[in-house]
Protein chains: 2
Amino acid sequence: MKKKLTLAILLAATATAALAGPIEENIRWRQSAYSFAAWNVQKIKSQVVDHPDTYNKDSVTAAANAIAAVANSGLGALYTEGSDQGIGWKQTRLKPEFFLKKDEVTKLANTFNEAANELAKVAATGDVNLIKTQFGKVGESCKACHDLIRIKE
Amino acid sequence: MKKKLTLAILLAATATAALAGPIEENIRWRQSAYSFAAWNVQKIKSQVVDHPDTYNKDSVTAAANAIAAVANSGLGALYTEGSDQGIGWKQTRLKPEFFLKKDEVTKLANTFNEAANELAKVAATGDVNLIKTQFGKVGESCKACHDLIRIKE
């Protein structure tokens, strides 16, 4: 019963969000892109850092390509004015400071792009030590941006 | 007030989902991946089909790479037993038939993979007519799978 109620509530809330304007859509695209990246980050972490005995070159390469594809996809276009407020799949965690720190954000975004594209290149070599080092750099670039413009959970 | 209430309800529902088991997580990864792909499909449709005057080679190439990255990311691993029921970002639309039609699904998934990888290649040439044709093939492969195993909205 509790599950059914939660489901009904979520569906109602989702329907509300779906009918909303483009800000909510932009937030949903952002959350989808970063979640897709996070899934792939998790795959690389598992195979390169936590359980290197499970390393699979094809899987890690595909995951690195996925992260690079997210980095290269032009996410900046989704950060429209006012999109620090709104519900995508859930309430956005974007800090209002984003819009006051655009130069800093651009610099961090470029660092992420370069690190992710380099990771895709390094992944294709199959050199696990190089992948691990470059994966660390991608993680640092993610964290720098999160610290600057994402509300902590 | 209505907005605040909806937000509170959605956050509560999301928190419930976040505490749930791996099926809900798998559904959320799936929905994120396909939503990220859909955003990129929309970009190509806009620049190649609806408003060809806005065509930008870099943007369409990045979008095609993003769709290919989704196709190559090993989504099959997320279709765990029982995941035709559950809430990711929202209730899954996977039909239970999925688990009875795995051979057919695999065939369609391979068609999608090949079509998406070919689109990424064709996008890099900048030949808009070729891109449009191949984009149509990707769309057909998406639709074939949706018709077979996705509940209509």
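Basis of the calculations
- Residues numbered from 1 in each chain as written.
- Chains lettered and ligands numbered in written order.
- Predicted model: local features only at pLDDT ≥ 70, side-chain atom pairs only at ≥ 80, totals over all residues.
- Heavy atoms only, no water.
- pLDDT = per-residue confidence, 0-100.
- Helix = DSSP H or I, 4+ residues; strand = E, 2+ residues; numbered from the N terminus.
- Contact = heavy atoms within 4.5 Å.
- Phe/Tyr/Trp six-rings, centres within 6.5 Å; stacked < 30°, edge-to-face > 60°.
- Buried < 20%, exposed > 50% of the residue type's maximum accessible area, 1.4 Å probe, protein only.
- Axes fitted to C-alpha atoms, helices over the stretch in contact; angles between N-to-C directions.
- Parallel < 35°, antiparallel > 145°, perpendicular 65-115°, else oblique.
- Left-handed = near helix turned anticlockwise from the far one by under 90°.
- Nonpolar A, V, L, I, M, F, W, Y, C, P; charged D, E, K, R; others polar.

1. Some details on the confidence of the model for chain A
Low pLDDT means the predicted atomic positions in that stretch should not be read closely.
Residues and elements named next belong to chain A.
Then step 1. Per-chain confidence: chain A averages 90 in pLDDT, with 86% of residues scoring 70 or above.
Then step 2. Here helix H1 (residues 2-19) stands out as the least confident element of chain A, with mean pLDDT 42; helix H3 (residues 57-71) is the most confident, with 98.
Then step 3. Note that residues 1-20 has pLDDT below 50 and, in this model, 21 contacts with residues that lie over four places away or in other chains.
Then step 4. Per the prediction output, this complex has pTM 0.86; the corresponding ipTM is 0.86.

2. A look at the packing of aromatic side chains
Then step 1. For the coordinates displayed, the defined rule picks out eight aromatic pairs over all chains.
Then step 2. With a centroid separation of 5.5 Å and an interplanar angle of 25°, the aromatic rings of phenylalanine 36 of chain A and phenylalanine 36 of chain B are classed as stacked. Pair noted here: phenylalanine 36 of chain A is in helix H2 (residues 22-50) and phenylalanine 36 of chain B is in helix H2 (residues 22-50), and the two residues belong to different chains. Across the pair, exposure class does not vary: phenylalanine 36 of chain A and phenylalanine 36 of chain B are buried alike.
Then step 3. Where phenylalanine 98 of chain A meets phenylalanine 99 of chain A, the ring centres are 5.0 Å apart and the plane angle is 80°; that geometry is what we call edge-to-face. Taken individually, phenylalanine 98 of chain A and phenylalanine 99 of chain A each receive the classification buried, so the pair is uniform in this respect.

3. Comments concerning the packing of H2 of chain A against H2 of chain B
Then step 1. Running from N to C, H2 of chain A and H2 of chain B point in directions that differ by 120°, and their axes come no closer than 8 Å. On the basis of their axis angle, the class for H2 of chain A and H2 of chain B is oblique. Both H2 of chain A and H2 of chain B take part in a crossing whose hand is left-handed. Residue-level inspection shows Glu25, Trp29, Ser32, Ala33, Ser35, Phe36, Ala38, Trp39 and Gln42 of chain A of H2 of chain A in contact with H2 of chain B, the latter providing Glu25, Trp29, Ser32, Ala33, Ser35, Phe36, Ala38, Trp39 and Gln42 of chain B.
Then step 2. Class assignment for the residues of the contact of H2 of chain A with H2 of chain B results in ten nonpolar, six polar and two charged.

4. What about the packing of helix H4 (residues 102-125) of chain B against helix H5 (residues 128-149) of chain B?
Residue and element names in this part refer to chain B.
Then step 1. Packing of H4 against H5 brings their axes to within 9 Å, and their N-to-C directions diverge by 160°. For the element pair H4 / H5, the angle class is roughly antiparallel. The element H4 and its partner H5 pack so that their crossing is left-handed. Along the contact surface, H4 presents Glu104, Val105, Leu108, Thr111, Phe112, Ala115, Ala116, Glu118, Leu119, Val122 and Ala123, while H5 presents Leu130, Ile131, Gln134, Phe135, Lys137, Val138, Ser141, Cys142, Ala144, Cys145, Leu148 and Ile149.
Then step 2. By residue class, the composition of the contact of H4 with H5 is 17 nonpolar, three polar and three charged.

5. Regarding the environment of lysine 137 of chain B
Then step 1. Along the polypeptide, lysine 137 of chain B turns up in helix H5.
Then step 2. In sequence terms lysine 137 of chain B and asparagine 113 of chain B are 24 residues apart; their C-alpha atoms lie 11 Å from each other.

6. Here we look at the environment of valine 48 of chain A
All names here are of chain A.
Then step 1. On the secondary structure map, valine 48 appears in helix H2.
Then step 2. Distance from valine 48 to asparagine 110, taken between C-alpha atoms, is 24 Å for residues 62 residues apart in sequence.
Then step 3. Other than its neighbours up to four places away in sequence, valine 48 contacts Tyr55, Val60, Val128, Ile131 and Lys132.

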